[in-house]
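# Structure assessment
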Amino acid sequence: MREKISIRYVGPSMHPTFKSGDMLAYTPVLLSELMKGDVIVFMSPQESIQVIHRVAAVEQGNIRTRGDNNSRADPYVLTQADIRGKIVSGTRGKQQLRVYHGTRGRMQAVYHGKTKSLQRGLIIFVKPLYSFLSEHRIISRWTSGRLRVRVAAYERPAGREEYATICGRTVAHRPAGSDEWKIYPPYRMVIDCGALPASEAE
């Protein structure tokens, strides 16, 4: 029996498969045991941070990965030394998460990709209305102060990184070294930057 190690998921790159705050468990794994569609945790060759992405390709003893919410594969290949393990289970509060691997994992990633493409198509039609509502704060004036915003902060090599969530959904991100929040669409309609916590430096 391989040891299970717990890790908290952070960031939007695997949304909606995982959401910020989900607790995931992984076990050590050999690169030779992995296949396309598996979800793994690894150390990024570009930064000293742990990343959770899906295996996009297995090529001559190397692994290529991609987040379910990303349109492109990661710009690096992984070797055995980079790989920490394979995600085997997860929880979101009291809810158990199903983690699909292999063929089912690939189907899940394709489904999320098609859903994202459909959303992009819809945005083309609703973007003018969305822009008008966002710019004139027609909805956010009413919702400001009524929404319960939670903020999770993480120390990165580049500095403090923060994510804002509402009802378990990641709605905004403040990158390390920045004083400004980046609100994800479509939440710009209902959230005003003034409703988010100010930088500690302010």
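Given the structure is predicted, the values throughout are model-derived calculations rather than measurements. (Residues numbered from 1 in each chain as written. Predicted model: local features only at pLDDT ≥ 70, side-chain atom pairs only at ≥ 80, totals over all residues. Heavy atoms only, no water.)

Take the overall build of the protein chain next. In terms of helices and strands, the protein chain carries 2 helices and 11 strands. For the protein chain, the α and β elements follow one another from N to C terminus as β-β-β-β-β-β-β-α-α-β-β-β-β. The 202 residues of the protein chain split such that 39% are buried. Summarising the internal contacts of the protein chain: among those between residues at least 6 apart in sequence, 50% fall at separations of at least 24. Put simply, the protein chain shows about 12400 Å² of open surface, and 53% of that area lies on carbon and sulfur atoms. (Helix = DSSP H or I, 4+ residues; strand = E, 2+ residues; numbered from the N terminus. Buried < 20%, exposed > 50% of the residue type's maximum accessible area, 1.4 Å probe, protein only. Contact = heavy atoms within 4.5 Å. Areas by Shrake-Rupley, 256 points an atom, 1.4 Å probe, with all protein chains shown as cover.)

Right, let's talk about the packing of aromatic side chains for a bit. Counted under the stated rule, the structure contains 3 aromatic pairs. Seen in terms of ring centroids, Y9 and F18 are 5.9 Å apart; in terms of plane orientation they differ by 55 degrees. Their pairing is tilted. Both residues of the pair, Y9 and F18, belong to the buried class. (Phe/Tyr/Trp six-rings, centres within 6.5 Å; stacked < 30°, edge-to-face > 60°.)

Attention now goes to unusual backbone geometry. The residue after H15, namely P16, is reached through a cis peptide bond having omega 5 degrees. Along the polypeptide, P16 turns up in the loop between β1 (5-8) and β2 (23-27). Here the phi dihedral of Q60 falls at roughly 50 degrees; this positive angle occurs in a residue that is not glycine. As for its placement among the helices and strands, Q60 is situated in the loop between β4 (50-59) and β5 (62-66).

A few words on the pattern of salt bridges. If you walk through the whole model with that rule in mind, you get 8 salt bridges. As a salt-bridge pair, K86 and D38 come within 3.7 Å of each other at their nearest N and O atoms. Of this pair, K86 sits in strand β6 (residues 83-92) while D38 sits in the loop between β2 and β3 (39-43); the two residues are 48 residues apart in sequence, bridging distant segments of the chain. Judged by relative accessible area, which is 1%, D38 ranks as buried. Its salt-bridge partner being E161, residue R156 comes within 2.9 Å of it at the nearest N-O pair. Assessed through its relative accessible area of 27%, R156 is described here as partly exposed. You can call E161 buried: its relative accessible area is 13%. (Salt bridge = Lys/Arg side-chain N within 4 Å of Asp/Glu carboxyl O.)

Moving on, we get to the sheet that holds strand β8 (residues 150-156). With respect to topology, 4 strands assemble into an open sheet ordered β8-β9-β10-β11, the strand pairing being antiparallel. Looking at strand neighbours, the two that pair on one side only are β8 and β11 (182-183), the edges of this open sheet. Bridge count between β8 and strand β9 (residues 159-166): 7 bridges; the pairing is antiparallel. Following the sheet pairing, R150 is matched in β9 by T165. (Pairing = 2+ DSSP bridges.)

As a further point, take the confidence of the model for the protein chain. Of all residues in the protein chain, 78% have pLDDT values of 70 or greater, and the mean over the chain is 81. Per-element confidence in the protein chain is highest for β3, whose mean pLDDT is 96, and lowest for helix α2 (residues 140-143), whose mean pLDDT is 58. (pLDDT = per-residue confidence, 0-100.)

On to the side chain of E162. Within the fold, E162 resides in strand β9. Relative accessible area serves as the criterion here: at 9%, E162 is assigned to the buried category. Side chain to side chain, E162 and R160 meet in a polar contact 3.3 Å long. A polar side-chain atom of E162 sits 2.6 Å from a polar atom in the side chain of R174. (Polar contact = N/O pair within 3.5 Å; in protein donor to acceptor, adjacent residues only side chain to side chain.)

On to the environment of V151, then. Following the sequence through the fold, V151 ends up in strand β8. Separated by 13 residues in the primary sequence, V151 and A164 place their C-alpha atoms 4.5 Å from one another.

On to the environment of V29, then. Within the fold, V29 resides in the loop between β2 and β3. Accessibility expressed as a relative area gives 10% for V29, which makes it buried. Residues V29 and I87, spaced 58 residues apart in sequence, show a C-alpha to C-alpha distance of 9.7 Å. In this structure, V29 is in contact with R2, L34, Q80, I83, R84, G85 and K86, ignoring residues within four places of it in sequence.

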